[in-house]
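Summary of structural features
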Amino acid sequence: MTEIRTPRLLLRLWTDDDLVPLSEIHADPDVMRWVGDGSTLGLDETAEAIERWEEEWDEEGFGLFAVELLGSGELIGAVGLSVLEDLPDARADVQISWLLGRQYWGQGYASEAAHATLEFALQDRGLDRVVAVHRLGDTASENVTRKLDMVRERETTHPRYGHAVQVHGIDLTEYEA
């Protein structure tokens, strides 16, 4: 089982017990404001998302982790990697993304989990490059990319949702520097 421990978090594969807490996070309009078309997700859609993430783990050797607090074992969100396929100029890039429950914002958890995931991608999985994509105006996600030392590469329009997104990237040589 693939697990990553940070000082405060456990990044792990999904269990059946994660469905309800993640669906509660997905049901929060403030959390979902910057995700996809901004719609909240119900229990069935959350189950489908977890299933997709598990399939990506099987097919790619990476995916989205469940993120839990080490002290309490409480699920606080998801962070991980996925193959980016739906943006113009995407070169089968691997994307890092994160989603945390609102009560966990502003405490450095997203940066801590994303940093551990980036290290996993570039060192353990041997990827040469990782990108992060976020909607224009999502300053919290932009701050996380800055903390990861990712460089803003371009702005484009998301073909499915029609909103402006920024693409940030980092390659292995930049990460090691």
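The preceding data block contains the structure.
What comes next is a walk through the structure.

Scoring rules and cut-offs
Residues numbered from 1 in each chain as written. Predicted model: local features only at pLDDT ≥ 70, side-chain atom pairs only at ≥ 80, totals over all residues. Heavy atoms only, no water. Phe/Tyr/Trp six-rings, centres within 6.5 Å; stacked < 30°, edge-to-face > 60°. Helix = DSSP H or I, 4+ residues; strand = E, 2+ residues; numbered from the N terminus. Buried < 20%, exposed > 50% of the residue type's maximum accessible area, 1.4 Å probe, protein only. Axes fitted to C-alpha atoms, helices over the stretch in contact; angles between N-to-C directions. Parallel < 35°, antiparallel > 145°, perpendicular 65-115°, else oblique. Left-handed = near helix turned anticlockwise from the far one by under 90°. Contact = heavy atoms within 4.5 Å. Nonpolar A, V, L, I, M, F, W, Y, C, P; charged D, E, K, R; others polar.

Here's the deal with the packing of aromatic side chains
The final tally for this structure, using the stated rule, is five aromatic pairs. Note on Trp-14 and Trp-53: the rings are 5.2 Å apart at their centroids and 35 degrees apart in plane angle, and the pair reads as tilted. Taken together, the residues Trp-14 in the loop between β2 (9-12) and α1 (19-26) and Trp-53 in helix α3 (residues 43-60) connect sequence positions 39 residues apart. Of the two residues, Trp-14 and Trp-53, both sit in the buried class. Consider the rings of Trp-57 and Phe-120, whose centres lie 6.1 Å apart with planes at 50 degrees: the pair is tilted.

What about the packing of α1 against α3?
At a minimum axis separation of 9 Å, α1 and α3 run at an interaxial angle of 110 degrees. With respect to their mutual orientation, α1 and α3 come out roughly perpendicular. Crossing of α1 over α3 shows right-handed handedness. Contacts between α1 and α3 involve Leu-19, Val-20, Leu-22, Ser-23 and His-26 on the former and, on the latter, Leu-43, Thr-46, Ala-47, Ile-50 and Trp-53. Of the residues in the contact of α1 with α3, the class split is seven nonpolar, three polar and no charged.

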